[in-house]
Amino acid sequence: MPAPSRPMTHTISILPSFETMMSMLPITPTILTLTPRYVIFAPIPKHDLQRSAPGIVRCTATYDTTNLLPVSGGLFDESIFGAVDFAANRYDDPNVIVRGDRLTRFGRIVLAEPTAHPLLAGVLLTDLPVLPAGLRPVIVQDGEPRMTDLNRLYIEVLCHNNRIIQYRKLAIPSALEALLAEQAHLTKAISALMNNEALEDPVRNSSGEVLQSLVGSLGSSPAAVGALLDEHVSRGGNLHGRLPVQIHRIVATLWALGIIVMPKALDRDAL
């Protein structure tokens, strides 16, 4: 996982509590008593995000259907997320150490305008982290890539973000109404990407099923968000670099939500 740069600019006083972070997840109230002893959560500082995820995702394209290669500037661009290496990107064993750039390299979307973080009060997003390509793979059916839920939600964000950029370039009065509409759509698209299941009008697929968001993807093992991180750190484990698969999935998903997890026991400058 990307390690925070030195020095960190956020102070302990603004860190959300564990209970606040857990309240975002689809879990029972009893889990809230599992406050970690060894980890804390913080919004990712802008400069850390830009340094750790220098590759910018600009377009909604994914794979070229003629050769099934990732499209440049898209959600699977090899220059952003690393070269495709199927042997290195397997998740056959939940206890193996994560390897391969496609599982660890984040991209980012530069937002057309600062947008309020839908989960963290008082935090403005200027850049949106994009989960490593290996953690949101596509399924190839009949020779064509089929998008998984997270990829569809990222595409929604990119569509509205790019339309805002285009409408601003027009700089004509008739584009103002469309611009305002797209700004509202972008805000909802970001909310859906992060916590679609909690929206009154969630994004659905063609069958009417609610698309699974980043928060939703953590719901399969809710206790692990606190308990596994605590156990991992208490045994001397790091929270960046090469991690066991379960820990990597949790830390990476939180990072994609704009949240960094750090050990309490270590000096922040030593992270």
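Residues numbered from 1 in each chain as written. Predicted model: local features only at pLDDT ≥ 70, side-chain atom pairs only at ≥ 80, totals over all residues. Heavy atoms only, no water.

Draft legend 1. Expanded view of the overall build of the protein. Of the regular secondary structure elements, the protein holds 9 helices and 6 strands. For the protein, the proportion of its 271 residues judged to be buried stands at 46%. Within the protein, contacts between residues separated by at least 24 positions form 64% of all contacts whose residues are at least 6 apart in sequence. (Helix = DSSP H or I, 4+ residues; strand = E, 2+ residues; numbered from the N terminus. Buried < 20%, exposed > 50% of the residue type's maximum accessible area, 1.4 Å probe, protein only. Contact = heavy atoms within 4.5 Å.)

Draft legend 2. Here's a closer look at the packing of aromatic side chains. All told, the structure shown has 2 aromatic pairs when counted by the stated rule. A centroid spacing of 4.9 Å and a plane angle of 35° characterise the contact between Tyr63 and Phe76, whose relative ring orientation is tilted. Placement of the pair is Tyr63 in the loop between helix H2 (46-52) and helix H3 (78-81) and Phe76 in the loop between H2 and H3, with a sequence separation of 13 residues. Across the pair, exposure class does not vary: Tyr63 and Phe76 are buried alike. Ring geometry for Phe106 and Trp255: centres 4.4 Å apart, planes at 55°, overall tilted. On the criterion of sequence distance, the pair formed by Phe106 in the loop between helix H4 (101-104) and strand E2 (107-116) and Trp255 in helix H9 (residues 245-256) is long-range, its members being 149 residues apart. Its relative accessible area of 2% is what places Phe106 among the buried residues. (Phe/Tyr/Trp six-rings, centres within 6.5 Å; stacked < 30°, edge-to-face > 60°.)

Draft legend 3. Broad picture of the nonpolar core. One finds Ile109, Leu128, Leu131, Tyr154 and Leu229 to be the most contacted residues of the largest nonpolar core, which totals 61 residues. Leave out the neighbours within four places in its chain, and Leu131 touches Phe81, Phe106, Arg136, Leu150, Tyr154, Leu214, Ala252, Thr253 and Ala256. (Core = buried A, V, L, I, M, F, W, Y, C linked by side-chain atoms within 4.5 Å.)

Draft legend 4. Molecular detail of the confidence of the model for the protein. Residues of the protein with pLDDT of at least 70 account for 75%, and the chain-wide mean is 79. Ignoring residues within four places in sequence, the model shows residues 89-95, a span with pLDDT below 50, making 14 contacts including any to other chains. Counting interchain partners and residues more than four positions distant, the pLDDT-below-50 stretch residues 266-271 has 13 contacts. (pLDDT = per-residue confidence, 0-100.)

Draft legend 5. Broad picture of the pairing of strand E1 (residues 39-43). Of all the 5 residues making up E1, 5 are buried; the element is thus mostly covered by neighbouring parts of the structure. On E1, burial covers both faces: Val39, Phe41 and Pro43 on one face and Ile40 and Ala42 on the other are all buried. Sheet analysis places E1 next to strand E6 (residues 259-263), joined by 5 bridges and oriented antiparallel. Each bridged residue has a counterpart across the sheet, and for Phe41 the counterpart in E6 is Val261. (Pairing = 2+ DSSP bridges.)

Draft legend 6. The environment of Arg235, seen in detail. Position of Arg235 relative to the elements: it lies in the loop between helix H8 (222-234) and H9. Within the local environment of Arg235, its side chain forms a polar contact with the side chain of Glu231, the two groups lying 2.7 Å apart. (Polar contact = N/O pair within 3.5 Å; in protein donor to acceptor, adjacent residues only side chain to side chain.)

Draft legend 7. Summary view of the pairing of strand E3 (residues 124-130). The buried fraction of E3 is high, at 5 of 7 residues. Two strands pair when backbone bridges link them, and E2 and E3 are joined in this way by 6 bridges, in the antiparallel orientation. Counted as the bridge partner of Gly107 is Val130 from E3.

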